[in-house]
Structures are given as structure tokens and as C-alpha cells.
Amino acid sequence: MEMDSQAAKAASRQVAQKLRLRRSLMAAGAGFASILVLMVAWYLGYVFWSPIELIAFLLIVSVGHLLFPWIIFSGRNLRYSDPSLTSSQLGWHLAIGTYVMYAAPEIRSLLVINLLLIMLFAVFRFHPRRLPVIALILVVAYGLAVFAQVTFSPIDIHWPHETLTALVFLLAVTGICLLGGEIGGLRMALKNRNAHLALAMQRIEELAVTDELTGLYNRRHLMRILKRQKGLSDRGGYEFSIGFVDLDFFKQVNDRFGHGVGDQVLAKVASEIRHSLRDVDYVARIGGEEFVIVLAQTAELEALRIAERLRADIERLIIEVGEDHPTVKLTTSVGIAQYAPEESLENVMARADQALYAAKECGRNCIIGETDLQASAFPERRPEEDLDEEVMEASVREA
Ligand SMILES: Nc1nc2c(ncn2[C@@H]2O[C@H](COP(=O)(O)OP(=O)(O)OP(=O)(O)O)[C@@H](O)[C@H]2O)c(=O)[nH]1
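Residues numbered from 1 in each chain as written. Predicted model: local features only at pLDDT ≥ 70, side-chain atom pairs only at ≥ 80, totals over all residues. Heavy atoms only, no water.

Draft legend 1. A look at the layout of surface pockets. Approximately 720 Å³ is the volume found for the largest pocket. In terms of lining residues, the largest pocket is bounded by 32 residues, among which Ala30, Gly31, Ser34, Asn114 and Leu117 are the most central. Mapped by element, the contributors of at least two residues to the lining of the largest pocket are α1 (2–43), α2 (51–73), α3 (86–103) and α4 (108–125). When residues in the lining of the largest pocket are grouped by element, the largest group, 11 residues, is from α1. The residue makeup of the lining of the largest pocket, split by class, is 23 nonpolar, 7 polar and 2 charged. (1 Å grid on protein atoms, 1.4 Å probe; cavity = no way out; pocket = protein on both sides within 12 Å on 5 of 7 lines; lining within 4 Å. Points joined across faces, edges and corners; volume = space filled by probe spheres on them. Helix = DSSP H or I, 4+ residues; strand = E, 2+ residues; numbered from the N terminus. Nonpolar A, V, L, I, M, F, W, Y, C, P; charged D, E, K, R; others polar.)

So this is what it looks like as C-alpha cells:
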């Protein structure tokens with residue numbers, strides 16, 4: 001189970017990395033498309049750079065565009081708190097966009113599209129609450145480009161045209177910001193719903209494998225576990241044993257304290273069984289007061305030792321069941337069988353059941369292994385056989 005969840009986490013990390021790489025390549029692609037436009041603009045005389053300046057700019061920008069996908073591809077992004085590198089990528093594209101708007105003032109009204117693209121990108125990556133801040137940063141960037149032109153550029157500013165561009169830009173940014181709020185709201189709702197669905201799925205998966213009263217595995221999952229163990233054993237070099245565990249005279253608990261208390265006692269005993277076993281073992285509840293333990297990598301002799309420890313633990317257990325502190329003490333009988341490679345699961349389960357039957361016949365509160373069963377003349381199990389009422393006394397005691 002642990003292995004399964006680790007594999008699932010690794011797979012979802014891989015999917016997330018692929019998505020980040022795809023987004024970063026898209027951003028780099030958009031960046032290179034802008035470079036192409038810039039080169040055409042330069043060729044047409046809209047950018048006041050010498051060829052050397054243009055080449056230097058193109059080289060620096062190309063390296064920058066490729067840097068982000070490379071960081072993600074190499075996995076270095078996972079060291080940072082934001083592995084998507086969203087803010088850094090937006091910052092990088094914004095810096096270039098602003099500089100180009102300063103360098104090509106005559107086509108600034110076209111270049112603002114780059115800033116609007118950044119805003120759109122932000123809509124899909126940031127929480128709606130952060131969008132106004134991003135919009136403000138873009139407006140400041142636009143203002144900086146205008147300020148730089150007025151202060152440093154040899155080209156005079158054309159104020160009517162600039163004012164109109166600024167107005168359209170402001171309107172567009174505000175529009176995207178408002179729309180982004182709506183889209184972001186939907187995105188958040190979808191995210192929450194997905195989280196709820198994931199929790200519900202997890203709960204359904206838990207319910208499908210567990211017994212509701214005790215939290216132990218149910219019969220269906222037990223069969224899955226046994227099939228896996230059988231597969232390992234049939235390949236060779238691996239052995240496992242199973243134990244049928246049945247509480248003695250449990251009916252008396254119900255008769256004396258009622259079914260509700262019986263349930264509490266079952267849950268308590270189940271948890272005791274779980275704690276008594278090793279981490280590598282499995283336990284399932286297959287019926288009222290019947291449990292099956294699967295002892296991984298364990299031959300019969302060792303299984304008998306583990307079962308004896310379990311029997312002693314349950315015998316020691318004192319369960320409080322009422323307000324005036326009546327207590328219940330129980331004993332348990334266990335039948336153990338070791339799986340023989342290539343045999344059917346029904347076979348080994350029948351042998352463990354037979355051993356349990358013999359343990360009951362021997363007076364209960366004891367462990368019988370299948371080898372004991374073969375060596376002695378234990379009675380064969382007879383279905384529906386009446387139990388000897390005399391041995392029932394004193395197994396369930398009230399304090
Ligand atoms: N409280 C509770 N009782 C259950 C549940 N399932 C089965 N039982 C009870 O478990 C008892 C089992 O009784 P028997 O099969 O006679 O077995 P026993 O009294 O434990 O006697 P031996 O197994 O022969 O030692 C019955 O009284 C069932 O009603 C359950 O989910 N909750």
C-alpha cells in the first residue's frame with residue numbers, strides 16, 4: 001500500500017513537471033515570436049539600434065528565453081518554493097517587453113499587445129486577488145517606457161498618439177483584469193471541487209477495502225492480498241502462512257451486554273490484533289467474530305509463535321463496556337496453515353479453518369497448526385455441529 005501511494009506521488013510529480021515544461025516552452029515560443037517581430041521592425045527602421053546592439057540584444061534574450069525551460073527540464077526548479085517559476089518568467093518577459101517599447105516608440109501601440117499577453121498569462125496562473133497588482137505593475141512598466149523615451153530617447157514623443165495608446169492599454173488591462181476575476185473564480189471553484197472529489201475518491205477506495213466496524217481489511221481485499229502472496233510464493237523462495245482467528249463464546253457478550261456493546265468489543269479486539277501483529281502482516285475481518293491473519297514471509301513454526309503472542313495479548317485484554325465499569329475478558333482460538341506453492345487459496349484456507357475447528361474442539365483459547373492436525377487424531381470439522389455447552393462457562397466474565 002505504501003509502495004502504491006509513493007508510486008502515485010511520483011507519477012503526479014512527473015505530470016506536474018511536464019505541464020510546467022510545456023507552459024514554459026509556450027512562453028519561450030511567444031518570446032521568440034516577439035523577437036521575429038522585433039527583427040522585422042528593426043529592418044523597417046522602427047528600432048533605433050545598431051546591428052551590433054540588435055545582435056547583442058537578441059543573444060541575451062534568446063538565452064533568457066531558453067533558460068527557464070532548461071531549469072525545469074533539469075529539475076532544478078523543484079528547489080524553489082514556486083517550482084512553476086511563474087513570477088520570474090513573467091518578470092523576465094515584462095522587462096523585455098518594456099525595454100522594446102522604449103526602443104521602438106513609433107510602434108509602441110502595437111507592442112502593448114505583449115503586455116496584454118502577459119496579463120492574460122497571469123489570469124491563468126495567479127489568484128484573482130493578485131490580478132489588480134499585476135495590472136498595476138504593467139501600467140507602471142508602460143509608464144516607465146514612456147518616461148525613458150522622454151528622458152533618454154533621441155526620438156520625440158507624439159503626445160496625442162501616446163495618450164490614445166495609453167487609454168486603450170488602460171482599458172484593455174482593466175477589462176482583462178475584471179474578466180480574469182471571473183475566470184479565476186471559476187478556476188478556484190473547479191480546484192476546490194477537484195479537491196473534494198479527490199477526498200471522496202480516497203474515502204470510497206478506503207470503504208471498498210475496509211470493514212466499517214473495525215477498520216480492518218474486508219473479505220474482498222483479503223482475497224486480493226492472498227492472491228498477491230500466492231503470486232510471490234509460486235515464483236519460489238517465498239513462504240507465507242495464514243491464521244483463522246475466532247473469538248471464543250462471543251455470543252455471550254451479545255447476550256449479556258447487547259449488540260452495541262458487542263460491536264465495541266469487536267472493534268477493541270480488532271485493534272488489539274492489529275497491534276499484536278508485525279507491520280508486514282495483514283488482518284481482515286471475514287465475518288462476525290472471525291478474522292484472518294496473513295503472515296508474510298512466515299513459515300508455520302514462526303506463524304505459531306506469532307499466533308501464540310496474539311492469543312496471549314487477547315487473553316490479557318480487559319475491555320470496559322459500561323458506566324458502572326463492567327468489563328469483558330475474551331479468549332480466542334487460532335488455526336494456522338502454511339501455503340504450499342501452486343496449491344489453491346481455497347485449499348490453504350480450508351486447512352486453516354480445519355485447524356481452527358480443532359482448536360475449538362480442544363477447549364478453545366489455544367492455537368493449532370496444520371502439522372499438529374495431521375499428526376494427531378483431531379476431529380474432522382462437521383458443519384452445523386452443536387458446541388459443547390459445558391466448556392462455554394467462564395470465558396466471558398463480568399468484573
Ligand atoms: N455485536 C456483534 N455481534 C456479531 C456481529 N456479527 C456476528 N455477531 C455475533 O457473534 C456471535 C457468534 O456466535 P457463535 O457463532 O455461536 O460463536 P461464539 O459464541 O463465539 O462461540 P465459539 O465461536 O464457538 O467459541 C453471534 O451471537 C452473532 O450474533 C457483529 O457485527 N456485531
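Back to the write-up after that little detour.
Draft legend 2. Region of interest: empty space enclosed by the protein. The tally for this structure, following the rule as stated, stands at 1 cavity of 30 Å³ or more. Taken together, Arg20, Arg23, Ser24, Ile72, Ser84, Thr86, Gln89, Phe121 and Arg125 make up the full set of residues lining the largest cavity. Elements represented by at least two residues in the lining of the largest cavity include exactly α1, α3 and α4. Looking at the lining of the largest cavity, the element that brings in the most residues is α1, giving 3 residues. Tallied by class, the residues present in the lining of the largest cavity amount to 2 nonpolar, 4 polar and 3 charged.

Draft legend 3. The arrangement of a nonpolar patch on the surface in detail. On the surface, Val40, Tyr43, Leu44 and Tyr46 cluster together to form a nonpolar patch covering roughly 460 Å² of accessible area. Residue placement: tyrosine 43 occurs in helix α1. (Patch = residues over 30% accessible without salt bridge, like charges linked within 9 Å, V, L, I, M, F, W, Y side chains within 5 Å. Areas by Shrake-Rupley, 256 points an atom, 1.4 Å probe, with all protein chains shown as cover. Salt bridge = Lys/Arg side-chain N within 4 Å of Asp/Glu carboxyl O.)

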